[in-house]
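Residue strings, one per chain:
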Amino acid sequence: MCARNSIYTTPKPCKHLADYKLRHGFNTYYSIRNCLKTTPNGRTRVAKHTTKIPRCSFCDRYQGRLYFCLMCSSLWCPTHILLHTQSEKGHEVAIDMNRSELYCCLCCDQVYDPDFDKVVVCNQVKDLPGGSKSKTNGFEACGEKSSKRKRLDFGIGLDLKKSKLLVSMRDRRAKSCYPLGLRGLNNLGSTCFMNSVLQALLHAPPLRNYFLNDRHNSIQCRKRSGEKLCLLCDIDAISSAMFSGDRTPYTPAHFLYSWWQHSSNLASYEEQDAHEFFISVLDGIHEMESKIRNSGKDDGDCQCIAHRAFSGLLRSDVTCISCGFTSTTYDPCVDISLNMDTSNLSSSNANKPIKPDEKTELRDSSKQLSIRRLPLVLCLHIKRVEHSLVRKISRKINQYMQFPFSLDMTPYLSSSIVRSKFGNRIFTFEYDNSNSSAAYEIFAVIAHSGMLESGHYVTYLRLKNQWYKCDDAWISEVDEGIVRASQCYMLFYVQKLLYNEAIEDSSFVHISPRRDPFDSTAGCS
Amino acid sequence: MKHSVNRPPTPDGAEDQGNEPILQEIIKIKLIESGEKERLMEMLRERLIECGWKDEMKALCRAYVKKKGRNNVTVDDLVHLITPKGRASVRDSVKAELLQRIRSFLTSAAL
């Protein structure tokens, strides 16, 4: 297997192609530019003979693969192209007519040349109506514009040593059997939505480490801002409580109060939506940190812990079906919402949730979504609401949905999707070289049971490959089958590197609770 | 008389067989000339991706390359490998749709 760091490595040219390029350079590439024709779907064909049907010069067949000799523009089928190379010296390189890909007749195999691909793609982009605007987009896709590479700060995940010391000291008090950090939260009146999201957030590796490393110091915070209410201080307090070793259920009253101040429109004892709460908490954290740092950076560049952990960048390409013009926009996001396909009860792709790269028809255009930059923590929100226009009601979709524990996001990256749009091209994308890999591991699932108006949220946490159910104040060990069978509402994935780090952390001692099931404090069943 | 009277008559099959390939040829040429073949190919590509056929073929190729080693495989090898399996695993619905499109093309081209 090739090196894991770069997903696509440019293959080396064969001897014949290298010789050919030495002799002729780009001349022949440029000369066939006029013969390249682009179909609206993005494929490039070699179409020299617009009136005649292209046929093999030897056997006259016109079906299947045909190769176009770069030197003399003659056409050959795969069987007979060798004859041509043998009879004419120097005619070793040809192009597959239907795919615009290079073929070496002596190696009898496809070969790759980034320079050739650049010519093809630039031609494709030039062909699109819309002129210079789309050209810029195309060049961006070519990777010729070097934009700032966004480096996510991995520092927050790596400094566990300090937290280990803190935690192991308190470990002596712990009676319980479960990993540290697992603690029930009391329900303050329909606040299961809050408890479930808090459990997931506090165990997200970047946030967990942030608070354990005391990155938000409450004393300094109060001195600095003088404000009584700081959402981050409150989360810090909860985090300390969770990791204190005390297993009695904790009451996050102060946090609830702070959050009510922040989102006064949601301040009530009614059931709230967990996803809405999640967004509002991230927003609150962002606001708080912006105030502290006095910076109002937009989401893409923001260095607040919420955005550092959750922020990704979505790319949206809207293409007009009639004229082929594409406009590309980038939007930052903190999570991805997915629609449930109610008609698709059993499909071959049942082990994958429906991804946002489906093409949606919007009048005469089609929209292609892809992910330009992956976040550290990926939050997937499953929309379980179905609006019936006939009955004018909304109801919850109770269907079970399978989801993977390990997720590879490579096919949804912009680089993958843009690459496939232009056919089999060799590109160097400046964001291709993955410092952050596209492999994710799940660590939390928020499941909902019941109806739309009145239901109950629980969180399933995966710590060191063991699943735990966090149902308000009650924590219990569960089988992964239970998790899979739950009605998942929000899925939290973290990049595999951070997940593996968390597992290897040896300060967490895990003893099975089966030894003393009743000899534990309340909240640990 | 030198030839046998009992010789069976020349079967009609021979004549039909003589005509069919020519008709097929004409249809194919018409499809290409009118550009319909391109459109059909695009539609076919879409369907094959949708139903997961492309992924299946990709997986087959990957497995083969893994076995043989990346530098020991040519495009021709892969094509020969997956052509029979590929042809066999195309969904009937896709075939039916393609036939339907060709039929409607023929009626519209008034052949």
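Before going into details, it helps to say that this report is about the structure given with it. (Residues numbered from 1 in each chain as written. Chains lettered and ligands numbered in written order. Predicted model: local features only at pLDDT ≥ 70, side-chain atom pairs only at ≥ 80, totals over all residues. Heavy atoms only, no water.)

**Focus on the overall build of chain A**
Right, on to step 1. Broken down by element type, chain A carries 17 helices and 21 strands.
Right, on to step 2. Scored against the burial criterion, the 525 residues of chain A give a buried share of 49%.
Right, on to step 3. A separation threshold of at least 6 residues defines the contact pool for chain A, and within that pool the share at least 24 residues apart is 68%.
Right, on to step 4. For chain A, the accessible area works out to roughly 25600 Å², and carbon and sulfur atoms hold 52% of it. (Helix = DSSP H or I, 4+ residues; strand = E, 2+ residues; numbered from the N terminus. Buried < 20%, exposed > 50% of the residue type's maximum accessible area, 1.4 Å probe, protein only. Contact = heavy atoms within 4.5 Å. Areas by Shrake-Rupley, 256 points an atom, 1.4 Å probe, with all protein chains shown as cover.)

**Some details on the overall build of chain B**
Right, on to step 1. Counting its secondary structure elements, chain B contains five helices and zero strands.
Right, on to step 2. The N-to-C order of helical and strand elements in chain B reads α-α-α-α-α.
Right, on to step 3. Within the span of chain B, comprising 111 residues, buried residues form 21% of the whole.
Right, on to step 4. For chain B, long-range pairs separated by at least 24 residues make up 70% of all intrachain contacts whose partners lie at least 6 apart in sequence.
Right, on to step 5. Surface exposure of chain B reaches about 8600 Å², of which carbon and sulfur atoms provide 57%.

**Things to note about the interface of chain A and chain B**
Right, on to step 1. In this complex, chain A contributes 16 residues to the contact, which on the side of chain B involves 15 residues.
Right, on to step 2. Here chain A meets chain B over a buried area of about 1400 Å², counting both sides, of which 46% is carbon and sulfur.
Right, on to step 3. Broken down residue by residue, the surface that chain A buries against chain B is led by Ile53(A), Tyr62(A) and Arg65(A), which jointly contribute 32%.
Right, on to step 4. Taken together, the residues that form the side of chain A that touches chain B break down as five nonpolar, six polar and five charged. (Buried area = accessible area lost by both parts, 1.4 Å probe. Nonpolar A, V, L, I, M, F, W, Y, C, P; charged D, E, K, R; others polar.)

**A short note on the environment of Val90(B)**
Residue and element names in this part refer to chain B.
Right, on to step 1. Following the sequence through the fold, Val90 ends up in the loop between helix H4 (75–88) and helix H5 (92–108).
Right, on to step 2. Note on Val90: relative accessible area 18%, which makes it buried.
Right, on to step 3. It is 7.6 Å that separates the C-alpha atoms of Val90 and Leu48, two residues lying 42 residues apart in sequence.
Right, on to step 4. When residues no more than four places from it in sequence are discounted, the contact partners of Val90 are Leu48, Trp53 and Lys95.

**Re a nonpolar patch on the surface**
Right, on to step 1. On the surface, Ile22(B), Leu23(B) and Ile26(B) cluster together to form a nonpolar patch covering roughly 270 Å² of accessible area.
Right, on to step 2. By the secondary structure assignment, Ile26(B) is in helix H1 (residues 12–34). (Patch = residues over 30% accessible without salt bridge, like charges linked within 9 Å, V, L, I, M, F, W, Y side chains within 5 Å. Salt bridge = Lys/Arg side-chain N within 4 Å of Asp/Glu carboxyl O.)

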